[in-house]
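Below, each chain spelled out in residue letters.
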Amino acid sequence: MPAPQGYTRLEQGSFLLMLVLVSVLFFFLLKPFFSPVFWACVITILFYPLYQFLLNRWNRRNLAALATLTICVVVGVAPMLFLIKAMVDEGREVYQLLESGELDPGEYLEKVRDGFPFIQGLLDRFNIDLSLIKETLTKSAGTVSRWAAENTLSIGQNMLQFFVSLALMLYLVFFLFRDGTMLIDLLIRALPLGDGRERHLFNKFAEVTKATVKGNLVVAIIQGSLGGIIFALLGIKGAVFWGAVMVLLSLIPVVGSGLIWGPVAIYLFAVGSWEKGLILTAFGAGIIGLVDNLLRPILVGRDTKLPDYLVLLSTLGGFALFGMNGFVIGPLVAVLFIAFWQIFILDFNNESESGDEDSAAVGELETENPVPQDEPE
């Protein structure tokens, strides 16, 4: 790349080196706030059409951004806080039962063995000591109780950190609504990838983020709600708590909520509650499972244009690398990987053999779903 007019190549190289160093330093500066910044971007993408609608009606950036942020809090944040409170309350009850000994995981395992005598034969065949498993479960329950008692202060600090991150996220959302298109235009000008490619990649980022978040969250909330409802109807303790756990586990494709209702159904059969066990099994496999099998491919796979197996692998890999953020970041990385390789094939591969055809395809790519331009003041 030739040096800009008035600068030597050494000066340009030194400036680019300092640019990289400062950018890396800035990245590490923001690294502790990755989650609130990331989710601020996600929420902005999800609710941006509403912001655009209000801006077109009122023609006032600040008012439209504030109104959209208020709707975000009412629709998304407030129900989440209510669910967290209910989950904490029921989790406290479970902890108290563990502490008092009324809830003994080993006892439940014993009942399952008594209800299904053939299990003992299978365990003996594979040289598995049930008493050791029972002892391990009992010790694990005691360890959880001790950990909760010893880390009360740490749990309180984590809750404080959560609310600080939540406040920071909402603060960023306001400015991303107001100045988002300006920041995108600035990035398009700054990145040396070609404006058409950059707009295409930004559009892919927005498409996949909306599809993944809406699809996975809708499926998870429906499955968790259905699971909590059936638990409550069957008189199973901690229905809200287990429903919330099913919401979290439902973010994992294929297995998801079955990790909760499956063992509970087995326990119901073991203790002789055949009617409840059959109802829970039929409801879990026929209704809760059907939601995952029907809605997830429609809401996630279709909009992200990823095959089901790649959605599963990228989601699991995202969880492994990024924790709870991974259910969005995993499919996003997979789609960007495919998008970059598509651009590479169109722009660089066999360029001499099919230059005209590739140029036409790239022109199509660059005009597809352009990033919105800046709005009026």
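In this report, the structure presented in the accompanying data block is examined. Just so it is clear, the model here is predicted, and its values are computed rather than measured. (Residues numbered from 1 in each chain as written. Predicted model: local features only at pLDDT ≥ 70, side-chain atom pairs only at ≥ 80, totals over all residues. Heavy atoms only, no water.)

## Considering helix α10 (residues 258–270)
Each α-helix turn comprises 3.6 residues. Residues three or four places apart therefore point the same way. The condition that has to hold: We count a stretch as a helix when DSSP gives it H or I for four or more residues in a row; a strand needs E for two or more, and each element gets its number in order from the N terminus. Expected span of a helix: the number of residues minus one, times 1.5 Å. Summary of the burial criterion: residues with accessible area below 20% of their type's maximum are buried, those above 50% are exposed, and those between are partly exposed, where the area comes from a 1.4 Å probe applied to protein chains only.
Between its terminal C-alpha atoms α10 stretches 18 Å, which fits the 18 Å expected from 13 residues at 1.5 Å a residue. Buried residues of α10: I260, W261, G262, A265, Y267, L268, F269 and A270, and no others. Once α10 finishes, G272 follows within two positions and takes phi at roughly 90°, a positive value.

## Quick notes on the packing of helix α12 (residues 308–322) against helix α13 (residues 326–347)
Spelled out, the test is: Geometry is summarised by axes, namely lines fitted to C-alpha atoms with helices restricted to the contacting stretch, and by angles between N-to-C directions that run from 0 to 180 degrees. Any angle between 65 and 115 degrees counts as roughly perpendicular, while under 35 counts as roughly parallel, over 145 as roughly antiparallel, and the rest as oblique. Each crossing gets its hand from how the near helix is turned against the far one by less than a right angle, where anticlockwise is left-handed and clockwise is right-handed. Two residues form a contact once any of their heavy atoms are found within 4.5 Å. Under the scheme applied here, ten amino acids are nonpolar (Ala, Val, Leu, Ile, Met, Phe, Trp, Tyr, Cys and Pro), four are charged (Asp, Glu, Lys and Arg), and all others, including Gly, are polar.
Between α12 and α13, the shortest axis-to-axis distance is 7 Å and the interhelical angle comes to 125°. Here α12 is positioned oblique relative to α13, judged by the angle of their axes. α12 and α13 meet at a crossing whose hand is right-handed. Counted together, L310, S314, T315, G318, F319 and F322 of α12 and G326, F327, I329, G330, P331, A334 and I338 of α13 form the full contact between these two elements. Across the contact of α12 with α13, the residue classes tally to eight nonpolar, five polar and no charged.

## As for the packing of helix α2 (residues 34–58) against α13
The contact between α2 and α13 brings their axes to 12 Å, and the two run at 65°. Relative to α13, α2 is oriented roughly perpendicular. Seen from above, α2 lies across α13 with left-handed handedness. Residues F34, F38 and W39 of α2 form the contact with α13, whose own contacting residues are F327, V328 and I329. A class-by-class count of the residues in the contact of α2 with α13 yields six nonpolar, no polar and no charged.

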